[in-house]
Amino acid sequence: MIKTREFKALVSLLDDEDQMISSHINERILSLGVNALPLLEKAWEEYTWNPEVQLKISELMHHLQYQKVVEGLENWRDGDQKDLMEALYWMACYSYPELQREELDNMLDAIIRKVRPGFNPDGHPVKQVKHINQVFFDELGFGPNSRNFHNPANSMVNQVMLTKRGNPISLCSVYYLVAKKLGMPITGVNLPNLFVLMYPHETMPFYINVFNKGLIFSREDLKEYVRHLQLKMEPVFFESCSHWDIVVRSLRNLHYSFEHLGATDRAKDIQTLIDIFSK
C-alpha cells in the first residue's frame, strides 16, 4: 500500500500543466485500485480550495468505484448465481458506492417481519399471494413510480425498498425476494414490455402482476396479453426465467433510463455491465 505522504505528492500533481505528467499521475493512482479510495476521499476534502483538482479526484473515485461494480458483477456471473440480491447490490453500488450489503439485507428483513405474521406456509398459494399483496401494497405502500418512470433510482434495489417505488422488474425483484424467504416457489417471467412473477402450481399455475398491486391472472389471460401485443406465442413467455435474465433486464432498464436523461457517459458504463453478461 502506498504511503500517505507519497500519495499526497501524487495528488498535488493532478493539475500539472504538463499533460503527460498529469496523465501519468492518473494512471499511477488508478493502478493502486480500490485501496486508493479512502485516500482519494480524504484528498477531496483537503482540496476544497481547488475545484479543478476536486473534479479530477471525483473522476478517479468514480472510475475506481465503477471497477468494483464490474468486478462484483463478473464474480456473480461466474458463480452459482443463486443470490439475486448480490447482483442487485452491485447494480445499486453504481450510483450508491457507499452502500453496504448488510443494509439491503436489513431492509428486506424488515419487510419480511411485516409479512410473516398471518402468512400460512401450508396455505393455498392464492391465499398466500393475497396475504403478501395486502401487506406489501396496502400496508407498506409499495407501488409503481408512474410519475417519474425513467428515474434511474427505480432500478436501484436500495431506493426501491426505501421509497416503496419502482418499475415492473424492480418491484417484482423485491416481491420475489420476500416470497422466496417465505419458502414460496415463485419465479420470474420475462414478458415483452412487462415483467411478472409466476407460481408454478401443479394443476393450475398462475401469474402475479406486481406492477398492478399483485393482480393474479391465468395462463389464458397471459395469452390474451400476447395477442393484444400482436406477437407470436413464444414458449419463453410462459416459462420461468433465471436470475441472469432478471439482472440483464434490470441493467437494460437502467441503461434506458440514463439514455432518456441524456446521461451518455453513465449509459455507456451500464452498457459495459450488460456486455459482461454476453461473454
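Residues numbered from 1 in each chain as written. Predicted model: local features only at pLDDT ≥ 70, side-chain atom pairs only at ≥ 80, totals over all residues. Heavy atoms only, no water.

## Some points on the overall build of the protein
In terms of helices and strands, the protein carries 12 helices and 6 strands. Judged by the C-alpha coordinates and their principal axes, the protein covers about 70 × 45 × 35 Å. Here the protein holds 279 residues, and 46% of them are scored as buried. Restricting the contact set of the protein to residue pairs at least 6 apart, pairs at least 24 apart contribute 58%. Here the protein displays about 14,900 Å² of accessible surface, and carbon together with sulfur accounts for 50% of that area. Charged side chains of the protein number 30 positive and 36 negative; the gap between the two group centres comes to 7 Å. (Helix = DSSP H or I, 4+ residues; strand = E, 2+ residues; numbered from the N terminus. Buried < 20%, exposed > 50% of the residue type's maximum accessible area, 1.4 Å probe, protein only. Contact = heavy atoms within 4.5 Å. Areas by Shrake-Rupley, 256 points an atom, 1.4 Å probe, with all protein chains shown as cover. Lys, Arg positive; Asp, Glu negative; His and termini not counted. Charge placed at Lys NZ, Arg CZ, Asp CG, Glu CD.)

## Some words on the sheet that holds strand 4 (residues 194–199)
Taking strand neighbours across the sheet as the criterion, the 4 strands line up as 3-4-5-6 in an open arrangement whose pairing is antiparallel. Edge positions in the sheet fall to strand 3 (187–191) and strand 6 (215–217), since each of these pairs with one other strand and no more. Ignoring strand direction, the axes of neighbouring strands in this sheet form an average angle of 35 degrees. By the bridge criterion, 5 bridges tie strand 3 to strand 4 in an arrangement that is antiparallel. Paired with G188 across the strands is L197, a residue of strand 4. Running at roughly 25 degrees to strand 4, helix 9 (residues 168–181) makes contact with strand 3, strand 4 and strand 5 (206–209) of the sheet. (Pairing = 2+ DSSP bridges. Axes fitted to C-alpha atoms, helices over the stretch in contact; angles between N-to-C directions.)

## What to know about the packing of aromatic side chains
Within this structure, the stated rule accounts for 12 aromatic pairs. Seen from their ring centres, F136 and F142 are 4.1 Å apart, and the 5 degrees between their planes marks the pair as stacked. Across the pair, F142 and F136 agree in class, each one buried. Through a chain of ring-to-ring contacts, the aromatic side chains of F136, F137, F142 and Y175 assemble into a single cluster. (Phe/Tyr/Trp six-rings, centres within 6.5 Å; stacked < 30°, edge-to-face > 60°.)

## Some details on the pairing of strand 5
Two faces belong to every sheet, and in a regular strand the side chains alternate between them. With burial as the criterion, each face of strand 5 is covered, one bearing F206 and I208 and the other bearing Y207 and N209. Looking at chain direction, strand 4 and strand 5 are connected through 3 bridges and run antiparallel. Within strand 5, the position partnered with M198 by the bridge is Y207. From the end of strand 4 to the start of strand 5, which pair antiparallel, there are 6 residues. By the bridge criterion, 3 bridges tie strand 5 to strand 6 in an arrangement that is antiparallel.

## Overview of the side chain of N154
Summarising the element assignment, N154 is placed in the loop between strand 1 (143–144) and helix 8 (157–163). Within polar-contact distance, the side chain of N154 engages the backbone oxygen of F149 at 2.9 Å. Once residues within four sequence positions are removed from consideration, N154 is found in contact with N145, N148, F149, V160, R165, G166, N167 and S170. (Polar contact = N/O pair within 3.5 Å; in protein donor to acceptor, adjacent residues only side chain to side chain.)

## A few points about helix 5 (residues 84–95)
Buried residues dominate helix 5, accounting for 10 of its 12 residues. Taken residue by residue, helix 5 has L84, M85, A87, L88, Y89, W90, M91, A92, C93 and Y94 as its buried positions. On its buried face, helix 5 sits against helix 4 (51–78), helix 6 (101–115), helix 8, helix 9, helix 11 (243–261) and helix 12 (264–276). Here helix 5 starts with a cap whose side-chain oxygen sits 3.2 Å from the backbone nitrogen of M85, and that cap is D83.

## A short note on the packing of helix 1 (residues 4–11) against helix 3 (residues 37–46)
When two helices pack together, you describe them by how their axes are tilted relative to each other and by the distance separating the axes. Contact pair helix 1 / helix 3: the axes reach a minimum separation of 11 Å and the direction vectors enclose 55 degrees. With respect to their mutual orientation, helix 1 and helix 3 come out oblique. The handedness of the crossing between helix 1 and helix 3 comes out as right-handed. Taken together, the residues of helix 3 that come into contact with helix 1 (itself represented by T4, F7, K8 and V11) are L39, L40, A43 and E46. (Parallel < 35°, antiparallel > 145°, perpendicular 65-115°, else oblique. Left-handed = near helix turned anticlockwise from the far one by under 90°.)

## Focus on the state of the cysteines
In a disulfide, the sulfur atoms of two cysteines are held together by a covalent bond. Scanning the model with the defined rule gives 0 disulfides in all. Cysteine C172 is unpaired, with the sulfur of C241 as its nearest cysteine sulfur at 9.3 Å. (Disulfide = S-S within 2.5 Å.)

## Here's the deal with the pairing of strand 4
Where burial is concerned, most of strand 4 is hidden: 6 out of the 6 residues are buried. Alternating residues of strand 4 divide into L194, V196 and M198 and F195, L197 and Y199, and every residue in both groups is buried. The hairpin formed by strand 3 and strand 4 contains 2 residues between the paired strands, and N193 there has a positive phi angle of roughly 70 degrees.

## Observations concerning the environment of T203
Mapped onto the fold, T203 is located in the loop between strand 4 and strand 5. Look at T203 and you get exposed, because its relative accessible area is 67%. In this structure, the C-alpha to C-alpha distance between T203 and D83, residues 120 residues apart in sequence, is 29 Å.

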